[in-house]
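Geometric and topological summary
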Amino acid sequence: MERRRQIRAIVVHTVRVSTVAALLLLIPSPRRDRPRSDDGASPPAIERIQPFLPTASVVEGTKDANGFWMVKDAEGVTLARVARTLPEAADVIGYRGPTEAMILLDRDYQLIGVDLIDSADTEEHVTAVENDDAFFEQFRNWTWTGPEPGTNVDAVSGATLTSLALAKGVLRRIGGDLPSLVFPDAVTLEELQGWFPDASARRVDGDRVIALDRAGQELGTLIRTGPLSDSIIGYQGPTELLIQVEPAGAAEDSEPPPMTVADIKIRSSFDNEPYVRYCKTEYGFWALFEGRTLAGLADMDLEAERVEGVSGATMTSMAIAETLVASAGRFQVRQQQREQAIQAGGSTWSNWRHRVIDALEMRITAADVGCVLVLCLIPLFRMRGWFRHHRIRRLWLVAVIAVIGIWSGNLISMALVAGWSGGGIAWRLAPALAAIAIVAFVAPVGWKSNPYCNHLCPHGALQQLLRPHHKSKRYWKPPARMMAVLKFLPGTTLVIGYLTLLWSPTTDLSSWEPFHAYLYRIASWTALTLAGVTLLFSAFVPMGYCRLGCPTGRLLDHLRRSAGSDRVQVADGVAIGLLVAAVLLR
């Protein structure tokens, strides 16, 4: 009989935990109902740019090779370039979801300004970032390559996750080799199809543009000369070329085969049309370069090989020849720099930029260390039985309030659980908070305990310190009818909150609980008031909010293994009903 009861308990509890896990995974991302800026297809409004550039008048609707829009004044003069951080940074999660920013660069690719466009995070976090001028001012020292080596990104106090997510999004969006200012347009799919009719997509890999078929297989490779060499002048200006390259035979000694020039086309030119047309039709001129490897083209001596150009378009054709040689040489140098950077593990600005991103992703602060230390001390205190000693217990509660509450503000809440369930866990930006969340949800499932509510929650710790003795004059036991109603309040709040998120994922649940008050630097008066009211109630009713009001605690308690884990509860039926609703709405 006991054996059957244990098996039933395992099955029931497994289904219970699985149902909750499925419910969390089905929470839609807060970004679902937010304006997506056409997934980055439209530029930021000119009104957002004008505080940085008062003379800005219009933003061109066509992006350049790096996905930036040109900002021009009323006379049509290019002033700057502007871009959004989404969708490139859509997977950078803050407190509840991604944050989109505007990046403004001048003509020398120096950052003029960064501005927050939209965020899925809570209103208090977003407002704190928007109002912190010093946070945005630090971006003015950045260039296209990112901050100078040794630069630390300072987060907004009280809104660390939101501000760091924004900064990381900026780093994601900039970087790479500087594009040509003379030939800014990216290679289009139509241009690729001129060589590869089956091309349905393209991939940019450094200086190469790779044509892909519907299955994602590579069809061929082109090289643009514009970003490599755009300063060689013919009769009136420079010419941009597209070079089709192919592997020259099989690779040897595990090295990639050399790339051979298969075909060359003039893409655009500032020279006169007759001269450009003469060059296009002079097939003998192009034969001088086709069939050579890129290394051979880079070493080509035009004078020694008596390249005289095209009759009637000598200046234009010789500029084209010099552009081909210079571009091949520049391509070789860049390829060697990339290979050396990979081998050296970080000697170039590109690797420094990635190290800055890595530092942002795994940002460990003193507060994080303090929180992890508190987590690590729990097993020791339990093993030694120190939690049962009155004085040690009070010291522990004070430490939890100071470290987890006031210092770090790392509290678990419905808003946090909903945001991370729908958008992903920001464990790199907030490692200590992620660790606390893991302990909070894993421990009840496997070890019949609820360490977060019992030992880690600052609001619970304050209630334990305020808890009235049953003989105290301020001790109050609510009437039985009131208790019968109040005991359903946490679960009811959970259900209403979950249904609200299904219909409106952008709903901010942080105002439903008092935990935002511990982010006192940015907390609203409503959060502070709610925290005060719940603590006042708990000063008369022992652990009043924890027992009769906390939806997060009710969720954790639902997951906890207990002597009654073999019995199907009303909450299990409610959870299954919510799961059906979530699946249908999905």
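In this convention, every chain numbers its residues from 1, walking through the sequence in written order. Local features in this predicted model are restricted to residues whose pLDDT is 70 or higher, and side-chain atom pairs enter the listing and the counts only when it is 80 or higher, whereas totals over whole chains, interfaces and linings include all residues. Side-chain figures throughout are based on the complete set of non-hydrogen atoms in the structure, without hydrogens or water.

Remarks on the overall build of the protein
Only DSSP runs of H or I with at least four residues qualify as helices, and only runs of E with at least two residues qualify as strands; both kinds are numbered from the N terminus onward. The helix and strand tally for the protein stands at 24 helices and 10 strands. Computed over C-alpha atoms, the radius of gyration of the protein comes to 31 Å, more than 25% over the 25 Å expected from 2.2 N^0.38 for 586 residues, which places it beyond the range of a compact globule. With the C-alpha coordinates aligned to their principal axes, the bounding extent of the protein is approximately 110 × 60 × 45 Å. In what follows, a contact means two residues having at least one pair of non-hydrogen atoms within 4.5 Å. The contacts in the protein between residues at least 6 apart in sequence include a share of 65% that link residues at least 24 apart. As displayed, the protein offers around 28,800 Å² of accessible surface, 56% of which is attributable to carbon and sulfur atoms. Throughout, radius of gyration means the C-alpha value; the globule benchmark is 2.2 Å times the number of residues raised to the power 0.38. Areas reported here follow the Shrake-Rupley algorithm with a probe of radius 1.4 Å; residue values treat only the protein chains shown as occluding.

Structural notes on the sheet that holds strand E4 (residues 99–106)
Strand order in the open sheet formed by 5 strands is E1-E2-E3-E4-E5, and the pairing between neighbours is antiparallel. Edge positions in the sheet fall to strand E1 (56–63) and strand E5 (111–119), since each of these pairs with one other strand and no more. Ignoring which end each strand starts from, the neighbouring axes of this sheet average 25° apart. Any two strands with at least two DSSP-identified bridges between them are counted as paired. For helices, the axis comes from a line fit to the C-alpha atoms of the stretch in contact; other axes are also lines fit to C-alpha atoms, and the angle between any two N-to-C directions lies between 0 and 180 degrees.

Things to note about a nonpolar patch on the surface
Judged by side-chain polarity, Trp476, Met482, Leu536 and Phe540 come together as a nonpolar surface patch covering roughly 390 Å² of accessible area. Mapped onto the fold, Phe540 is located in the loop between helix H21 (525–538) and helix H22 (544–548). The patch calculation keeps residues exceeding 30% relative accessible area without a salt bridge and links them within 9 Å when they carry like charges or within 5 Å when they are nonpolar (Val, Leu, Ile, Met, Phe, Trp, Tyr). Criterion for a salt bridge: a side-chain nitrogen of Lys or Arg within 4 Å of a carboxyl oxygen of Asp or Glu.

Things to note about the sheet that holds strand E7 (residues 208–212)
Strands pair in a sheet through their backbones, by hydrogen bonds, and they do so in one of two ways: parallel or antiparallel. Strands sit in the order E6-E7-E8-E9-E10 across an open sheet of 5 strands; the sheet is antiparallel. Two strands bound the open sheet, and with one partner strand each, they are strand E6 (201–205) and strand E10 (259–269). Across the sheet, the axes of successive neighbouring strands diverge by a mean angle of 25°, strand direction being ignored. The pairing of E7 with strand E8 (residues 218–224) spans 5 bridges and is antiparallel.

Quick notes on the nonpolar core
We define the nonpolar core as a collection of buried residues of types Ala, Val, Leu, Ile, Met, Phe, Trp, Tyr and Cys that are connected through side-chain atoms lying within 4.5 Å of one another. Note on classification: 1.4 Å probe, protein chains only; a residue is buried when its accessible area is under 20% of the maximum for its type, exposed when over 50%, partly exposed between these limits. Residues Leu111, Phe139, Leu166, Val170, Ile412, Trp420 and Tyr452 are the most contacted members of the largest nonpolar core, which totals 88 residues. In this structure, Cys279, Met300, Leu302 and Val310 belong to the second largest nonpolar core, which totals 27 residues.

Re the pattern of salt bridges
Scanning the entire structure with this criterion turns up 12 salt bridges. The residue Glu305 makes a salt bridge to Arg292 at a minimum N-O spacing of 2.4 Å. Taken together, the residues span a long stretch of sequence, with Glu305 in the loop between helix H10 (294–298) and helix H11 (314–344) and Arg292 in the loop between helix H9 (283–287) and H10 at a distance of 13 residues. Judged by relative accessible area, which is 39%, Glu305 ranks as partly exposed. Sharing partners across several salt bridges, the network here consists of Glu191, Arg224, Glu240 and Arg267.

Comments concerning the packing of aromatic side chains
Stacked, tilted and edge-to-face are the three classes assigned to paired rings of Phe, Tyr and Trp, where Trp is represented by its six-membered ring and a pair needs centres within 6.5 Å; plane angles under 30 degrees give stacked, over 60 edge-to-face, the rest tilted. Across all of its chains, the model carries 12 aromatic pairs by this definition. Judged by centre distance (5.1 Å) and plane angle (80°), the ring pair of Tyr235 and Tyr275 falls under edge-to-face. Residue Tyr235 is located in the loop between E8 and strand E9 (239–247), and its partner Tyr275 is located in helix H8 (residues 273–281); the two are separated by 40 residues in the primary sequence. Assessed through its relative accessible area of 43%, Tyr235 is described here as partly exposed. Connected via pairs of aromatic rings, a cluster forms that spans Phe135, Phe136, Phe139 and Trp142. Think of it as a cone above the ring: NZ of Lys or CZ of Arg counts as a charge over the ring if it is within 6 Å of the ring centre and within 35 degrees of the ring normal. One Lys or Arg, Lys265, reaches over the ring of Trp195 and ends 4.4 Å from the middle of that ring.

Overview of the confidence of the model for the protein
Mean pLDDT over the protein: 85, with 90% of residues reaching 70 or higher. Looking at any residue, its pLDDT shows the predictor's confidence there, from 0 to 100. For the stretch residues 345–350, pLDDT sits under 50, and the model shows 13 contacts to residues farther than four places along the chain or on other chains.

Some details on the environment of Ser18
Take Ser18: it is sitting in helix H1 (residues 2–25). When its relative accessible area of 42% is taken as the criterion, Ser18 is described as partly exposed. Through-space distance from the C-alpha of Ser18 to that of Trp407 is 34 Å; in sequence the pair is 389 residues apart.

As for the side chain of Thr85
Considering the arrangement of structural elements, one finds Thr85 in the loop between strand E3 (78–84) and E4. Pairing of N or O atoms within 3.5 Å defines a polar contact, subject to two protein rules: one partner must be a possible hydrogen donor and the other a possible acceptor, and residues neighboring in sequence count only if both atoms are side-chain atoms. Among the polar contacts listed, one links the side chain of Thr85 to the backbone nitrogen of Ala101, at a separation of 2.9 Å. Beyond its immediate chain neighbours, meaning those up to four positions away, Thr85 contacts Thr99, Glu100, Ala101, Ile103, Gly169, Val170 and Arg173.

Concerning helix H4 (residues 123–130)
Those residues of H4 that fall on the buried side of the exposure criterion are Glu124, His125, Val126, Ala128 and Val129. In this structure, the buried side of H4 is in contact with E5, helix H5 (133–137) and helix H6 (160–173).

A word on the environment of Ser42
Structurally, Ser42 is set in the loop between helix H2 (37–40) and helix H3 (46–49). Between the C-alpha atoms of Ser42 and Arg84, which are 42 residues apart in sequence, the distance is 9.0 Å.

Topic: the environment of Lys168
Within the fold, Lys168 resides in helix H6. The class of Lys168 is buried, set by a relative accessible area of 7%. Separated by 76 residues in sequence, Lys168 and Val92 place their C-alpha atoms 7.4 Å apart.

With respect to helix H14 (residues 390–407)
In this scheme, a helix's expected span is set at 1.5 Å multiplied by one less than its residue total. With 18 residues, H14 should reach 26 Å at 1.5 Å per residue; the first-to-last C-alpha distance of 24 Å fits that figure. Those residues of H14 not exposed but buried are Arg393, Trp396, Leu397, Val400, Ile401, Val403, Ile404 and Gly405. At its buried positions, H14 is contacted by helix H13 (366–384), helix H16 (431–447), helix H17 (451–456) and helix H18 (458–466).

Comments concerning the packing of H16 against helix H23 (residues 551–559)
Where H16 meets H23, the axes come as close as 7 Å, and the angle between the chain directions of the two elements is 35°. Residue-level inspection shows Ala440, Phe441, Pro444 and Val445 of H16 in contact with H23, the latter providing Leu555, Leu556 and Leu559. Taken together, the residues that form the contact of H16 with H23 break down as 7 nonpolar, no polar and no charged. Residue polarity follows a fixed list, in which Ala, Val, Leu, Ile, Met, Phe, Trp, Tyr, Cys and Pro are nonpolar, Asp, Glu, Lys and Arg are charged, and the others, Gly among them, are polar.

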